[in-house]
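Here are the chains, one letter per residue:
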Amino acid sequence: MLRKAHVFLLLSLILATILGIFGQDIAYFINGNIREINPISYLTGITMASILLYLIAALLTFIFTKKQMIRKGNMGVYLLAICLIGAPTSLWSLFVLIMWRG
């Protein structure tokens, strides 16, 4: 169970980072290959999903620590990673979204 908690947290951080950094390209890809809707709609959803994944990862870090699925020392590492990676990535994706909205 310990390993699953670490894998889940790492995968959510990686996915959130990919969505946050490459959201614009993903929005264009979905618009061109899946369904033609205004790409800003896709970008809005992708940006919100990225931010939500960071928030969920932070919440789950606390929950997993309380249930002793991860050690308290690792909790600090995860929260530091969420802050150092998540904050700039979220700010960047919000900046791109604001620029698209004009």
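Preceding this paragraph is the structure being described.
Residues numbered from 1 in each chain as written. Predicted model: local features only at pLDDT ≥ 70, side-chain atom pairs only at ≥ 80, totals over all residues. Heavy atoms only, no water.

## Here we look at the overall build of the protein
- Helices and strands together make up the secondary structure of the protein, namely four helices and zero strands.
- In sequence order, the secondary structure elements of the protein are arranged as α-α-α-α.
- Over its C-alpha atoms, taken along the principal directions, the protein stretches across nearly 45 × 25 × 15 Å.
- A total of 102 residues make up the protein; the buried ones form 37% of that total.
- The long-range fraction of contacts in the protein, counting pairs at least 24 apart against all pairs at least 6 apart in sequence, stands at 70%.
- Surface summary for the protein: the accessible area is close to 6700 Å², and the carbon and sulfur share equals 72%. (Helix = DSSP H or I, 4+ residues; strand = E, 2+ residues; numbered from the N terminus. Buried < 20%, exposed > 50% of the residue type's maximum accessible area, 1.4 Å probe, protein only. Contact = heavy atoms within 4.5 Å. Areas by Shrake-Rupley, 256 points an atom, 1.4 Å probe, with all protein chains shown as cover.)

## Examining the nonpolar core
- By size, the foremost hydrophobic cluster in this structure holds 23 residues, and its most contacted members are Leu-9, Leu-13, Phe-64 and Ile-70.
- Those elements that provide at least two residues to this core are α1 (2-21), α2 (23-33), α3 (39-66) and α4 (72-101).
- For this core, the leading source of residues is α3, giving ten residues.
- Excluding residues within four positions of it along the chain, Ile-70 makes contact with Leu-2, Ala-5, His-6, Leu-9, Thr-61, Phe-64, Thr-65, Met-75 and Tyr-78. (Core = buried A, V, L, I, M, F, W, Y, C linked by side-chain atoms within 4.5 Å.)

## Details of the side chain of Thr-47
- Relative to the assigned elements, Thr-47 resides in helix α3.
- In this structure, Thr-47 is in contact with Ser-93, Leu-94 and Leu-97, ignoring residues within four places of it in sequence.

## What to know about a nonpolar patch on the surface
- Together, Val-7, Leu-10, Leu-11, Ile-14, Ile-18, Ile-21 and Phe-22 make up an exposed nonpolar region whose accessible area comes to about 620 Å².
- Of note, Ile-14 is situated in helix α1.
- According to the relative accessible area criterion, Ile-14 is partly exposed, its value standing at 48%. (Patch = residues over 30% accessible without salt bridge, like charges linked within 9 Å, V, L, I, M, F, W, Y side chains within 5 Å. Salt bridge = Lys/Arg side-chain N within 4 Å of Asp/Glu carboxyl O.)

## Thoughts on the environment of Ile-37
- Inspection of the secondary structure assignment puts Ile-37 in the loop between α2 and α3.
- Each C-alpha atom of the pair Ile-37 and Arg-101 lies 15 Å from the other, and the pair is 64 residues apart in sequence.
- Among all residues touching Ile-37, those that are not within four sequence positions of it are Asn-31 and Tyr-42.

## So, α1
- Between its terminal C-alpha atoms α1 stretches 29 Å, which fits the 28 Å expected from 20 residues at 1.5 Å a residue.
- What α1 keeps buried is the set Ala-5, His-6, Leu-9, Ser-12, Leu-13, Ala-16, Thr-17, Leu-19 and Gly-20. (Expected span 1.5 Å × (residues − 1).)

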